[in-house]
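Results of the structural survey
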Amino acid sequence: MKDIIDVFSENFKRELFLINEPLKNHTSFKIGGDAKVFFMPESVSDIADALKVCRENEFPYYILGNGTNILFSDKGYNGVIINIFNKFNQVYLENENTINAQSGALLSSIANIALNNSLSGMEFASGIPGALGGAVYMNAGAYGGEMKDIVLSADILDKDGNIRTLDNNEMGFQYRSSNAEKEGFIVLSAKLQLKKGNKEEIKSKMYELNSQRKEKQPLEMPSAGSTFKRPEGNFAGKLIMESGLRGYSIGGAMVSEKHCGFVVNTGNATCKDVLLLIEHVKKTVYDKFNVMLEPEVRIIGD
Ligand SMILES: Cc1cc2nc3c(=O)[nH]c(=O)nc-3n(C[C@H](O)[C@H](O)[C@H](O)COP(=O)(O)OP(=O)(O)OC[C@H]3O[C@@H](n4cnc5c(N)ncnc54)[C@H](O)[C@@H]3O)c2cc1C
């Protein structure tokens, strides 16, 4: 296999990538070793070119948005991380009810633009810390809303390098997943269908939901949000709390005292600490309630 750094240096301008970049600097968990190449595309063609180079050379690659739902290995990633984020974040009003945004735009920024244009529908997502691409891929949701409710269509890059526009149905949204995950689509942009509303009401709804978040979630500590998916008919946090695991820790990883559904990094947590804690929580909850928790956080790397 050719050297990844040599190949990227031959094919791309230097400001598009970093070498041996610590992934802990790009995730909300503040965990993760180095990525051999950390690629920061500015355009659709940068993304397509990076994928082509990776495929031709059989380099492993992984797409990263704002890194708020990812646990990277302590050994990092011996390949290319394609960070579709703040160099790819344009947002504009397509027509009076529709916002068109590139996948690197933060949900909070899109929600602000919706608010400024008196558009309702993004309130549920205004406090989710991810970018649009990750939110579409994950079908992110909160407080009774989910991306499925507002995505009119998404432009994606498929495995063969074709750009396609998929409608809501073709995106195959499910609980915290979509066809982007199943088919390996890269989300380039999405059109969000919103409704004209009352600006003050939209603003106060966002304020109310974000106040609830601050009150209930350990936002002051590094985490990747809810560590586990919601088991059918139950809540992971409740089962974990009732298993007596509030504050339980392994190394620097701890079950949050404020919200048991969150594993937090108390300072120096390693990926190994978090994985051991996840296994302990799963086993304890299973032994007590016969419910097998499944991680929501994506666990990536060597
Ligand atoms: C404090 C906190 C609170 C949270 N609250 C919520 C919540 O209420 N609801 C909720 O659903 N989530 C929540 N999350 C989790 C997270 O914010 C969401 O899942 C978010 O949608 C992830 O977006 P991201 O840009 O950070 O994606 P990343 O974490 O970077 O990536 C997540 C997944 O999406 C893929 N991906 C990212 N961008 C693209 C793209 N352009 N194309 C294809 N695949 C892509 C990645 O490969 C990865 O598999 C929370 C997280 C934190 C830290």
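Residue indices begin from 1 for each chain and proceed along its sequence in written order. Reporting of local features is limited, given that this is a predicted model, to residues whose pLDDT is at least 70; pairs of side-chain atoms are given and counted only at 80 or more, and all residues count toward the totals for whole chains, interfaces and linings. With hydrogens and water excluded, all non-hydrogen atoms of the structure serve as input to the side-chain values.

Where a protein is soluble and globular, its nonpolar side chains tend to be buried together. For the purposes of this section, nonpolar cores are sets of buried Ala, Val, Leu, Ile, Met, Phe, Trp, Tyr and Cys residues that join through side-chain atoms within 4.5 Å. Burial classification: accessible surface area is computed with a 1.4 Å probe over protein chains only, and a residue below 20% of its type maximum counts as buried, one above 50% as exposed, and the rest as partly exposed. Ranked by size, the top nonpolar core spans 34 residues in total, and within it M122, L132, V136, M147 and L192 carry the most contacts. Secondary-structure elements contributing two or more residues to this core are β7 (98-102), α3 (107-116), α4 (132-138), β11 (151-157), β13 (186-193) and α6 (199-216). Strands here are runs of E lasting at least two residues and helices are runs of H or I lasting at least four, both read from the DSSP assignment and numbered beginning at the N terminus. It is α3 that provides the largest number of residues to this core, a total of five residues. What makes two residues a contact is simply this: any of their non-hydrogen atoms within 4.5 Å. In contact with V136, not counting residues within four places along its chain, are M147, V151, M171, F173, S178, V187 and A190. Membership of the second largest hydrophobic core comes to 23 residues, among which are V255, C260, V285 and L293.

It is worth spelling out the site of the ligand at this point. Distances are taken per atom, and a residue is near a molecule or strand as soon as one of its heavy atoms is within 4 Å of it. In the vicinity of the ligand lie 35 residues, with Y62, I63, G65, T68 and G141 positioned nearest. For this analysis, a polar contact is any N or O atom pair within 3.5 Å, provided that within protein one partner can donate a hydrogen and the other can accept it, and provided that sequence-adjacent residues contribute only side-chain to side-chain pairs. Here an oxygen atom of the ligand and a side-chain polar atom of T68 are 2.6 Å apart. The contact in question runs from an oxygen atom of the ligand to an N or O atom on the backbone of A135, over 3.4 Å. Every accessible area reported is derived by Shrake-Rupley at a probe size of 1.4 Å, with residue values counting cover from the shown protein chains alone. In the complex, the protein chains occlude 95% of the 970 Å² of accessible area that the ligand would expose alone. Of all elements in the fold, only β3 (61-64), α4, β9 (141-142), β13 and β15 (223-226) reach the threshold of two or more residues within the shell around the ligand. With five residues, the single largest contributor to the shell around the ligand is α4. Gly falls in the polar group here, along with every residue not listed as nonpolar (Ala, Val, Leu, Ile, Met, Phe, Trp, Tyr, Cys, Pro) or charged (Asp, Glu, Lys, Arg). Looking at the shell around the ligand residue by residue, the class counts come to 18 nonpolar, 14 polar and three charged.

Interaxial distance between α3 and α6 falls to 9 Å at its minimum, and their mutual angle equals 155 degrees. With respect to α6, the element α3 is oriented roughly antiparallel. Each of A111, L115 and N116 in α3 lies in contact with α6, whose residues at this interface are K199, I202, K203 and M206. Considered class by class, the residues forming the contact of α3 with α6 number four nonpolar, one polar and two charged. Each axis is a line fitted through C-alpha atoms, and for a helix only the stretch in contact is used; angles between axes span 0 to 180 degrees, taken between their N-to-C directions. Any angle between 65 and 115 degrees counts as roughly perpendicular, while under 35 counts as roughly parallel, over 145 as roughly antiparallel, and the rest as oblique.

Pairing of aromatic rings covers Phe, Tyr and the six-membered ring of Trp, with a centre-to-centre limit of 6.5 Å; geometry is then stacked below 30 degrees between planes, edge-to-face above 60, and tilted otherwise. Under the criterion given, the structure shown has five aromatic pairs. Residues F8 and F39 carry aromatic rings whose centres are separated by 5.7 Å and whose planes lie at 70 degrees to one another, so their mutual orientation is edge-to-face. Taken as a pair, F8 in helix α1 (residues 4-11) and F39 in strand β2 (residues 34-39) lie far apart in primary sequence, 31 residues in all. Both residues of the pair, F8 and F39, belong to the buried class. Of the aromatic side chains, those joined through ring pairs into one cluster are F8, F12, F17 and F39. The ring of F17 carries R14 above its face, with NZ or CZ at 4.5 Å from the centroid. A ring is scored as having a charge over it whenever the NZ atom of a lysine or the CZ atom of an arginine sits within 6 Å of its centre and within 35 degrees of its normal.

Okay, the side chain of N139 next. Of note, N139 is situated in the loop between α4 and β9. Judged by relative accessible area, N139 falls into the buried class, the value being 0%. At a separation of 3.0 Å, a polar atom in the side chain of N139 contacts the main-chain amide nitrogen of K148. Beyond its immediate stretch of four places on either side in the chain, N139 contacts E146, M147, K148, F173, Q174, Y175, R176 and S177.

Now for unusual backbone geometry. The phi dihedral of S118 falls on the positive side, at around 55 degrees, and the residue is not glycine. Structurally, S118 is set in the loop between α3 and β8 (119-120). A relative accessible area of 18% means that S118 is categorised as buried.

Let us now look at the domain arrangement of the protein. Taken domain by domain, the protein comprises domain 1 (4-83), domain 2 (91-202) and domain 3 (217-300). Each of domain 1 and domain 3 was reduced to a C-alpha centroid, and the two centroids are 28 Å apart. In this complex, domain 1 contributes 13 residues to the contact, which on the side of domain 3 involves 18 residues. Summing both partners gives a buried area of about 1,300 Å² for domain 1 against domain 3, and 62% of it is carried by carbon and sulfur. When the area that domain 1 buries against domain 3 is broken down by residue, the three leading residues are F29, N69 and L71, summing to 51%. The term salt bridge refers to a side-chain nitrogen of Lys or Arg lying within 4 Å of a carboxyl oxygen of Asp or Glu. Our count for the domain 1 to domain 3 interface comes out at zero salt bridges. Remark: the boundary between domain 1 and domain 3 carries 10 residue pairs in polar contact (both at pLDDT 80 or more). In terms of residues, the side of domain 1 that touches domain 3 owes the most to one element, strand β4 (residues 70-72), which gives three residues. Where each domain begins and ends is defined by an automated method or by a domain database. Take the accessible area each of two parts loses on contact, using a 1.4 Å probe, and add the two losses: that sum is the buried area.

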